[in-house]
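Listed below, chain by chain, are the residues.
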Amino acid sequence: MAVFTAIGDAELRRWLADYSLGDVLSFEGIASGIENSNFFLTTTAGAYVLTIFEKLAAHELPYYLELMRHLASHRVPVPDPIPRRDGALFGLLAGKPASIVTRLAGRAQLAPDARHCTEVGTMLARAHLAGRDFALAQPNLRSLDWWLSVAPALHTHLSPAERRLLDAELATQQAFFASADYARLPGGPCHCDLFRDNALFVEDDHAPPRLGGFFDYYFAGNDKWLFDLAVTANDWCIDLANGALDAVRLDALLRAYQAVRPATTDEARHWPTMLRAAALRFWVSRLYDFHRPRAAALLTPHDPGHFERILRERIAHPPTRPLTA
Ligand SMILES: Nc1ncnc2c1ncn2[C@@H]1O[C@H](COP(=O)(O)OP(=O)(O)O)[C@@H](O)[C@H]1O
Ligand SMILES: N[C@@H](CCOP(=O)(O)O)C(=O)O
């Protein structure tokens, strides 16, 4: 159950007095999610999600909320933060920062086919282009510097073979990130965590699936667009059992993405290395979450072994379908 902070009726109504959202019709906790307390809120004005941020501090929120607002205003379907009467995109509820965003339509599709990957590829490219004139900048806080900073603490938990893999891949990625080619890769605001469980689809038997939108922008940051695409491919276009890329879904994702934003020659050349970077990112964060002491182990951490398998797979079998420029 991912409602860490419970909200009473009177407290909710007091808080909503700062918004122009009409009367409350329903309010219920959302069971899934691992970071924040989330609630579906329906009022006479529409359908929303209320989020109480359990870890992020108030000063960390503007980049994420303003980015969502910016993308929504460019017709990228993402939750649109609702301003309070005073214009602020968040306030304090139960002593924690909290915001209200529009509720997206649809459900997560955890077994996507090529049609879902096409929808995701198109919208990811549109989101990248829409982010070009976003005024705020914050680096991806889970990039190389962070991997390097936590690697020493992870070492004690790893087998010799895992340690060798981690050190070798960190060295490869350090060299890649320091290269002139890397500096030339285009980038901007990226979702950085666009997994199957962070997108919704409207599906029925009579029409192709339609993307309801992307959500969970709280790992977003400015990064290379190719990294965002690699994170997405490493989750949407793989056989979950072994981490191998699925040619049909990958083809659908890349074609759709490049129909909106064609890759540069540098991007095409470095696609295999970026897929490895994206795998390393989540291997490291999952190892970190798995091994760090938790004051309250509320939830089972994700399996780091999944991304170790993906990383080994990307090294052993770089994608056969090139990202053509
Ligand atoms: N804007 C939204 N529209 C529709 N559903 C949402 C929205 N935001 C969150 N949800 C639902 O709430 C669940 C939990 O959200 P999530 O962002 O994954 O939580 P957490 O930040 O705690 O990981 C999602 O799986 C999704 O079903
Ligand atoms: N997608 C990441 C975990 C990020 O957490 P989220 O549930 O907030 O998206 C992973 O799978 O390791």
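Calculation criteria
Residues numbered from 1 in each chain as written. Chains lettered and ligands numbered in written order. Predicted model: local features only at pLDDT ≥ 70, side-chain atom pairs only at ≥ 80, totals over all residues. Heavy atoms only, no water. UniProt positions renumbered as here; feature names shortened; annotations may be inferred. Helix = DSSP H or I, 4+ residues; strand = E, 2+ residues; numbered from the N terminus. Rg over C-alpha atoms; globule rule 2.2 N^0.38 Å. Buried < 20%, exposed > 50% of the residue type's maximum accessible area, 1.4 Å probe, protein only. Contact = heavy atoms within 4.5 Å. Lys, Arg positive; Asp, Glu negative; His and termini not counted. Charge placed at Lys NZ, Arg CZ, Asp CG, Glu CD. Pairing = 2+ DSSP bridges. Axes fitted to C-alpha atoms, helices over the stretch in contact; angles between N-to-C directions. Phe/Tyr/Trp six-rings, centres within 6.5 Å; stacked < 30°, edge-to-face > 60°. Lys NZ or Arg CZ within 6 Å of the ring centre and 35° of its normal. Expected span 1.5 Å × (residues − 1). Polar contact = N/O pair within 3.5 Å; in protein donor to acceptor, adjacent residues only side chain to side chain.

The protein is annotated in an unreviewed UniProt entry as Homoserine kinase from Chitinasiproducens palmae. The annotation that UniProt attaches to the protein under Catalytic activity (unreviewed entry) is "L-homoserine + ATP = O-phospho-L-homoserine + ADP + H(+)". Annotation of the protein in UniProt includes, under Sequence similarities (unreviewed entry), the sentence "Belongs to the pseudomonas-type ThrB family."

A. Seen up close, the overall build of the protein. When its secondary structure is counted, the protein shows 10 helices and 9 strands. For 325 residues, the compact-globule formula gives about 20 Å, and the C-alpha radius of gyration of the protein, at 20 Å, lands near that figure. For the protein, the C-alpha atoms occupy an extent of roughly 55 × 45 × 40 Å along the three principal directions. Across the 325 residues that make up the protein, the buried fraction comes to 50%. Within the protein, contacts between residues at least 6 apart in sequence are counted, and of these 74% link residues at least 24 apart. Mean positive and mean negative side-chain charge positions of the protein (33 and 37 charges, respectively) differ by 2 Å.

B. Representation of the sheet that holds strand β1 (residues 24-29) within the structure. Here 5 strands make up an open sheet; going across it, the order is β1-β2-β3-β5-β4 and the pairing antiparallel. Here the strands that pair on one side only, and so sit at the sheet edges, are β1 and β4 (91-93). The average angle at which neighbouring strand axes cross in this sheet is 35°, direction not considered. Across 3 bridges, β4 lies against strand β5 (residues 96-102) in antiparallel orientation. Counted as the bridge partner of Leu93 is Lys96 from β5.

C. Layout of the UniProt feature "domain: Aminoglycoside phosphotransferase" (unreviewed entry) in the protein. When the UniProt feature table is mapped onto this chain, "domain: Aminoglycoside phosphotransferase" (unreviewed entry) is found at residues 27-262. A helix fraction of 39% and a strand fraction of 21% characterise residues 27-262, whose end C-alpha atoms lie 43 Å from each other.

D. Local environment of the packing of aromatic side chains. Scanning the model with the defined rule gives 15 aromatic pairs in all. Where Phe53 meets Tyr218, the ring centres are 5.1 Å apart and the plane angle is 75°; that geometry is what we call edge-to-face. One end of the pair, Phe53, is in the loop between β3 (46-52) and α2 (61-73); the other, Tyr218, is in the loop between β8 (207-214) and β9 (221-224), and 165 residues separate them in sequence. Judged by its relative accessible area of 1%, Phe53 falls in the buried class. Tyr218 sits in the buried class, given a relative accessible area of 13%. Between Trp146 and Tyr288 the ring centres are 5.2 Å apart and the planes differ by 75°, which places this aromatic pair in the edge-to-face class. One end of the pair, Trp146, is in helix α4 (residues 144-155); the other, Tyr288, is in helix α9 (residues 265-291), and 142 residues separate them in sequence. The structure contains a cluster of three or more aromatic residues connected by ring pairs, namely Phe53, Tyr63, Tyr64, Phe134 and Tyr218. For Arg142, the ring lying beneath its charged end belongs to Trp146, and the centroid distance is 4.1 Å.

E. Representation of the pairing of β8 in the model. Relative to β8, strand β7 (residues 199-204) is paired through 5 bridges, and the arrangement is antiparallel. Opposite Leu200, over in β8, you have Gly213 as the bridge partner. If you look at the hairpin formed by β7 and β8, you'll find 2 residues sitting between the two strands.

F. Molecular detail of helix α10 (residues 304-316). Over its 13 residues, α10 runs 19 Å from end to end, which matches the ideal 18 Å to within 8%, given 1.5 Å per residue. Turning to α10, its buried residues are Pro304, Gly305, His306, Phe307, Glu308, Ile310, Leu311, Glu313 and Arg314. Against the buried residues of α10 lie α5 (160-177), α7 (225-236) and α9. By the N-cap criterion, in which a side-chain oxygen at the helix start approaches the backbone nitrogen of a residue two or three places on, α10 is capped by Asp303, the distance to Gly305 being 2.8 Å.

G. Inspection of the environment of Asp167 at higher detail. Tracing the backbone through its elements, the reader meets Asp167 in helix α5. Exposure remark for Asp167: the relative accessible area of 34% places this residue in the partly exposed category. Through-space distance from the C-alpha of Asp167 to that of His155 is 9.4 Å; in sequence the pair is 12 residues apart.

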